[in-house]
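# Observations on the three-dimensional arrangement
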Amino acid sequence: MGRLHTVVVTDEAFGNVWAMGHGTGGRLGTGASSHLQTSLARLSHLASLKVTSVAVGQDHTLVLTADGEVYSWGLGRFYQLGYPVEAAKNSAGQDEMVQTTARRVALPVKGVRIRGVAASKIASVCWSHNEVFTFGTNRGQLGYSKVSAPVQILPRQVTPITAAVASAAISDSALCVLFINGDVVCWVNDTHQKISFNFQPFPPEIKPSYTPSVVANSRYRRVEKIACCEETFAIISESGDVHSWNISAQESGGASHQTRTVMKPQRVWTASRQLMAAKDVALGSEGSLIICTEAGHAFVRVKSTQPATTQQASVSTYKPFKWSRVPIVHRVTKVATSPTGSFAVMTSDAEMQEIVLDGRSLTDDVSSLLGFTRPAEDRTKIATPEALRDDTSTTFVGEDWAEDLPSSIEGDINAIRRMCDILSGEWTEARAAQLYARPALDPIRREFAMSNRGGDLLVCTRGFSFLVHAAVLAARSEALRSVLRDE
């Protein structure tokens, strides 16, 4: 997000760049130099390219393709496009260096595969594995002397860099490079210096008797991400803490009255637990800041609306900023801001897991409550007294199987068999006639049996009929229970 336009990169295979905002100066890359785009529009001239990342300045845009090439477009009044642009008359009759469509940026070193891009209002930066290239207006932040090169039209390599580069962020007065080993080096006012961060979770005035394992582990001492807006920079450590600092110049003492740059990083967010660890950060104007956590929540830091009283201002613990959680949004993966104070978040869709119905069937559940049934692999089978008598794996305490079973138990076994056959749904007309021998009920039972819809009684009333379970009717009515028992 820039001050005047926004560019979005999607996961489409090709032509995945969309833009919206003020098109003055060709900053949208649509081929026109003066129009307002209120909704996202695809950049058709990039239809054959797969873009992986984008960087937005106030008047220009940089994109990085999957092949490691850099393209830019926009208004090049600060020579920040990476190539010379001929001046042309605008609608007001003024000369402007405008590039309305994407144009490839040629690097001084051939065969270099660029891994990232960043942009500010007056300058741009791109980097490979161990090389950094800058171009634009030089205020001492491009990595070489601003006296010898006040303006750098073509990309130029920053020679002091030899280590592996992870990321970079650039403003109008400073360039900060994050290396793979976690070091952060800042170029400002024709000098460069390494920035030190206090990863100790306790205030400086408190000296712990032991070093916590999180701090002792060098993994959590490293910087994972860097971002900036105007003259404010911020980093995220691998433990999830956020540190922020401003680039400010102070006049040093002595006859020379030289200025020196002061950078004092301060921790602005502490991960009290793993789910509260920050995984992305973006900075806005006047110290505003937005982060997203591992839990998928977004938090915004803005200036306090109530001014500090005289007593509060004298206390060192007074905090002019306050954090607030962004309501409604969940599953946040990326955040963005603009210098004008706008915030944006990107959320992921909920992962819907398939519900698998696996387990016992209704026949298995019912038969497990009965004493003479036993589940098998394919379906529930009835265990007859003779089968149970011959089964050595089953032991029944207090039962003498040598004696004949009472007729009442045999009747219950037959009823259970009929119930399980009904629930199994495996019906034929011959099987229905065999199970139900009572002539008075044969037509109804036969109609129920051939319907194969899971009931054992057919209720007909007022011109329509429906299937029910006899057990349900018997439980609800004593009279029906007597009828079903043939009493």
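Residues numbered from 1 in each chain as written. Predicted model: local features only at pLDDT ≥ 70, side-chain atom pairs only at ≥ 80, totals over all residues. Heavy atoms only, no water.

## A few points about the pattern of salt bridges
So the rule is basically this: Within this document, salt bridges are pairs made up of a side-chain nitrogen of Lys or Arg and a carboxyl oxygen of Asp or Glu, the two lying within 4 Å of each other. Helix numbering and strand numbering both begin at the N terminus, where a helix is a DSSP run of H or I of at least 4 residues and a strand a DSSP run of E of at least 2. Each residue is placed in one exposure class: buried if its accessible area under a 1.4 Å probe, protein chains only, is under 20% of its type's maximum, exposed if it is over 50%, and partly exposed if it falls in between.
All told, the structure shown has 9 salt bridges when counted by the stated rule. Residues Glu69 and Arg104 are paired through a salt bridge, measuring 3.5 Å at the closest nitrogen-oxygen approach. On the criterion of sequence distance, the pair formed by Glu69 in the loop between strand E5 (60–65) and strand E6 (70–75) and Arg104 in strand E9 (residues 98–104) is long-range, its members being 35 residues apart. Residue Arg104 is classed as partly exposed on the basis of its relative accessible area of 46%. One salt-bridge network, in which partners are shared between bridges, spans Arg27, Asp59 and Arg77.

## What about the sheet that holds strand E10 (residues 116–119)?
Put simply, the test is: Here the rule is simple: two strands pair whenever DSSP picks up at least two bridges between them. For helices, the axis comes from a line fit to the C-alpha atoms of the stretch in contact; other axes are also lines fit to C-alpha atoms, and the angle between any two N-to-C directions lies between 0 and 180 degrees.
Strand order across the open sheet formed by 4 strands is E10-E11-E12-E13, with antiparallel pairing between neighbours. Looking at strand neighbours, the two that pair on one side only are E10 and strand E13 (151–157), the edges of this open sheet. Direction aside, the axes of adjacent strands within the sheet are offset by 10° on average. Bridging between strand E12 (residues 132–137) and E13 involves 4 bridges; their strand directions are antiparallel. Looking at the pairing, Phe133 lines up with Gln157 of E13.

## A closer look at a nonpolar patch on the surface
Quick reminder of the rule: Surface patches are defined over residues having more than 30% relative accessible area and no salt bridge, joining like charges when they lie within 9 Å and nonpolar side chains (Val, Leu, Ile, Met, Phe, Trp, Tyr) when within 5 Å. Residue-level accessible areas treat just the shown protein chains as cover; the underlying method is Shrake-Rupley with a 1.4 Å probe.
Taken together, the side chains of Tyr79, Val151, Ile153 and Leu154 define a hydrophobic patch exposed on the protein surface, amounting to about 300 Å² of accessible area. With respect to the secondary-structure elements, Val151 resides in strand E13.

## Remarks on the state of the cysteines
The cut-off we apply is this: The disulfide criterion is simple: two cysteine sulfur atoms within 2.5 Å.
Under the counting rule described, the total for this entry stands at 0 disulfides. The thiol of Cys176 is not disulfide-bonded; the next cysteine sulfur, from Cys186, is found 3.4 Å away.

## Quick word on the side chain of Gln152
So the rule is basically this: Two N or O atoms form a polar contact when they lie within 3.5 Å of each other; inside protein one atom must be a possible hydrogen donor and the other a possible acceptor, and for residues adjacent in sequence the pair counts only when both atoms belong to side chains. Should any heavy atoms of two residues lie within 4.5 Å, those residues are counted as being in contact.
Tracing the backbone shows Gln152 in strand E13. Judged by its relative accessible area of 13%, Gln152 falls in the buried class. In terms of polar contacts, Gln152 uses its side chain to reach the backbone carbonyl oxygen of Leu154, at 2.7 Å. Once residues within four sequence positions are removed from consideration, Gln152 is found in contact with Tyr79, Thr134, Phe135, Gly136, Leu142 and Tyr144.

## Side note on the pairing of strand E11 (residues 123–127)
In terms of residue burial, E11 counts as a mostly covered element, since 5 of its 5 residues are buried. Judged by which residues are buried, E11 turns out to be covered on both faces: Ala123, Val125 and Trp127 on one side and Ser124 and Cys126 on the other are all buried. Between E10 and E11, which follow one another and run antiparallel, lie 3 residues. Where E11 and E12 come together, 5 bridges link them in antiparallel fashion. Looking at the pairing, Trp127 lines up with Val132 of E12. Where E11 folds back on E12, the antiparallel hairpin that results is connected by 4 residues.

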